Structures are given as structure tokens and as C-alpha cells.
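# Chain and residue survey
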Amino acid sequence: MSTDAVLEVKNLETRFYTEEGVVEAVDGNSFTLEEGEMLGIVGESGSGKSVTAMSIMGLIDDPGRIEAGEILYRGDDLLQKSNREMRRIRGNDISMVFQDPMTSLNPVFTVGSQISRIVQKHMGLSKAAARERTIQLLEDVGIPEAEGRVDDYPHQFSGGMRQRVLIAMAISCDPDVLIADEPTTALDVTIEAQIFELLEDLQAKYGMSVILITHDLGVVAGTCDRVAVVYAGNIVERATVTELFESPRHPYTRGLMRSIPKLRRDEEQLTPIEGKIPDLAALPSGCSFHPRCEHATEDCRQVDPELREIAPGRQAACLNAYGYDREGPDGHASSRATTDGGVTDE
Ligand SMILES: Nc1ncnc2c1ncn2[C@@H]1O[C@H](COP(=O)(O)OP(=O)(O)OP(=O)(O)O)[C@@H](O)[C@H]1O
């Protein structure tokens, strides 16, 4: 285990056994979350991002099953924990902000009582101390006049403020790891930017390590340290954010970049990736991305590429990770990947 890893996910495989077939939502993925970093997991809708998060949280239910792998939290495998232990870990150590604040907040209780209940239960605080902490948390997440709002109900808050309440709830027991799953889906762009700023501030203030799940590479550019790009249940590229934006190696990553309006320079064309993500219960042969890849060769139709080191600290799952643009990692037309996963000099 890497010395600074808070969380290490190894060869995680999560499947859903549905009437339509076996959905391979997470297909043997590995990644680490380092101490104090913000890791982005990015990919189109349906690529397995939420299922990855739910697997870490121990919240996969029928018809889903974690079939293989390890999820090491500070060296301890979460997959070996009982439901009871996982409930404690979810309260105290690893916490999650879900996509839609309305489904996570109970409309019939005040926001204050919902947060207080959690800190009373998990931190053993008295009612009065819990209320005080709740007001402090609401202040920390930027709710104006928190003391006056603590007894309001969820519907009395705007969408952005509700998401702040949810974040307050998620950090209420001072978690080590926070997973934010598309936390701004329901919000407009200005509020979205404020929420990401808030997450960055809180990360520093509370000393958390954060996994940010998003379909938007533009969001990753502004907030994350490292990024894992997922496609159809597989991580297809891993890099630091700087490296990824300087030289994306996987054709899917390149496609994502070309399809993000925020990242375009004016003279560049906005070109969405053609086609759509495959049905995870009926994946194509070879590389799952090959039907949408403009660089696909016959090999790509046959061989499912492993995620492999293509430069120090960088991995991509593409037979031609830098061969297709004829440039090596240093910008030289130097190497081509082979079908057995090696790299030959040309
Ligand atoms: N309870 C379930 N039963 C059956 N299939 C499921 C279930 N939950 C998720 N899946 C399937 O797992 C795959 C991955 O879904 P997931 O929600 O992780 O994607 P995502 O990348 O997070 O997309 P989104 O951004 O839309 O949430 C999808 O094909 C989805 O249909």
C-alpha cells in the first residue's frame, strides 16, 4: 500500500444481476486516494462512477454484488467489515454527498434536527452541544444567519443552500474521506462554482481527502489534483490533472475534452463524441471504446487493453495510447504500443 494512501481500491468488480443480463458496472478497477488530495472520477453517465462510490460506502444491494477486489481504508479491507462496522465507518470516517439534495433530506424534519441527530449518534454529543455544532457547521458551509435557519425545513432553502446543508451533514462527524457524487447536478453554473469552491475550502479546513465524481472534465480542471477517467465500467486513463490536460493519452479522454464547451478555445470546434456508451450488460468485444474510436484498428476489436504505465505515474488502457497521434510522452514520434501491452520503439 502506498504510504500516503487513505483509500486504496484494488481490482474492484461490482456487478448487477438483472433480467437483461449481468451488468458489469465496475470491471476490475484500481485507484488510490492520497492523504489530503482531491481525486476526480470522470466519465459519461452510466460509466459506473456512482456504483464505485456506493461500493466504497458498502451500499451495494440486490441485485448488485461486489464480486472481487479490496477496498483498503487506512490498510483495512472494508469488504471484510460487517454491516454494523460499515454503518460506523459511514458515520465517522467516510462520508458521501449525493446528487440530489431533496432525496437525501427528509422534508418533515428541520435541517438542524437532521444534522443534530447524526452528531448526537456518532459523536456522542448532548442535545445542546449537537445544536451548537450544527449551527457551526451551517456557518462553515456558508449558510447566512445560520442560527436563525437551523430550525427551517429543507423546502425553505434554495437548491444551492440545500446542497450546502447536505455538505454540512456529510462533514458533520469530521470524516477522513468525503465522496461527492455530482454534487451540483441540479444547480446552475454560478452556484455550481460556489459549491466547488466550498468543497475546496472545507477540504483544507477539515483536512479531508475527497473523491469528486463528475461527468464534466471542466470541473476536474478547476478543482482536482489527480483524475481517473472511466468508460463503460473501466478506468481508461489515470494522471495528474496537469498532465491529463497537457497531453491526454486515451482517445476517450481526448473526446471528452473536445466536447466540453468550457475548455474550448474560441477557434476550436465543439465536437461531441459520436455514439453512446455501450450497454454494460452487452459490452463490445475487445476495447469497449472501439466502436466510437476514430483510431480503432482490428487489434482494438479483439484485445481488451489493460490499464498500463505509459509514462512515469501515468496509465492508459489503450493499445495505441500514444501511437495514434504518432507522438510519445515527450512529444516525440517515438513508440507504438503492441497488442501484448508492451511498447516498441519505431
Ligand atoms: N440497482 C441497480 N440495478 C441494476 N443496474 C444498476 C443498478 N445501479 C446501477 N446500475 C447500472 O450500473 C451501471 C453504472 O451506473 P452508475 O450509476 O454507476 O453510472 P454513473 O457513471 O454514476 O452515471 P450517472 O452519472 O448517471 O449516475 C449502469 O449501467 C446502471 O444501469
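Everything that follows concerns the structure shown earlier in this document.
Residues numbered from 1 in each chain as written. Predicted model: local features only at pLDDT ≥ 70, side-chain atom pairs only at ≥ 80, totals over all residues.

Before going further, it helps to spend a moment on the sheet that holds strand β5 (residues 76–77). Read from one edge to the other, the open sheet built from four strands follows the order β2-β1-β4-β5, with strand pairing classed as antiparallel. This sheet does not close on itself; its edge strands, each paired only once, are β2 (21–34) and β5. Pairing geometry for strand β1 (residues 5–18) and β2, over 11 bridges, is antiparallel. Of the residues in β2, the one forming a bridge with R15 is E24. Lying over the sheet, helix α1 (residues 49–57) contacts β1, β2 and β4 (64–73), oriented at roughly 70° with respect to β2. (Pairing = 2+ DSSP bridges. Helix = DSSP H or I, 4+ residues; strand = E, 2+ residues; numbered from the N terminus. Contact = placed C-beta atoms within 7 Å. Axes fitted to C-alpha atoms, helices over the stretch in contact; angles between N-to-C directions.)

Let's shift gears to the site of the ligand. Around the ligand there are 17 residues in total, and A25, S45, K49, S50 and V51 lie nearest to it. Looking at the shell around the ligand, the elements with two or more residues in it are β1, β2 and α1. Tallying contributions element by element places α1 first for the shell around the ligand, with three residues. (Near = placed C-beta within 6 Å.)

Here is the key point about a regular strand: its side chains alternate between the two faces of the sheet. Of the pairings in the sheet, the one linking β1 to β4 comprises eight bridges and is antiparallel in character. Across the sheet, F16 pairs through a bridge with G64, a residue of β4. Inspection of the sheet shows β4 paired to β5 by two bridges, in the antiparallel sense. Among the inter-strand pairings, Y73 is bridged to a residue of β5, identified as D76. Between the antiparallel neighbours β4 and β5 lie two residues, among them R74 with a positive phi of about 50°.

Within the open sheet, the eight strands sit side by side as β6-β7-β8-β3-β9-β10-β12-β11. Their pairing is mixed. Because the sheet does not close on itself, it has two edges, and the strands there are β6 (94–97) and β11 (308–311). Across the sheet, the mean angle separating the axes of adjacent strands is 25° when strand polarity is ignored. As defined by bridge partners, β11 adjoins strand β12 (residues 314–316) across three bridges and the pair is classed as antiparallel. Counterpart to R308 in the pairing with β12 is A316.

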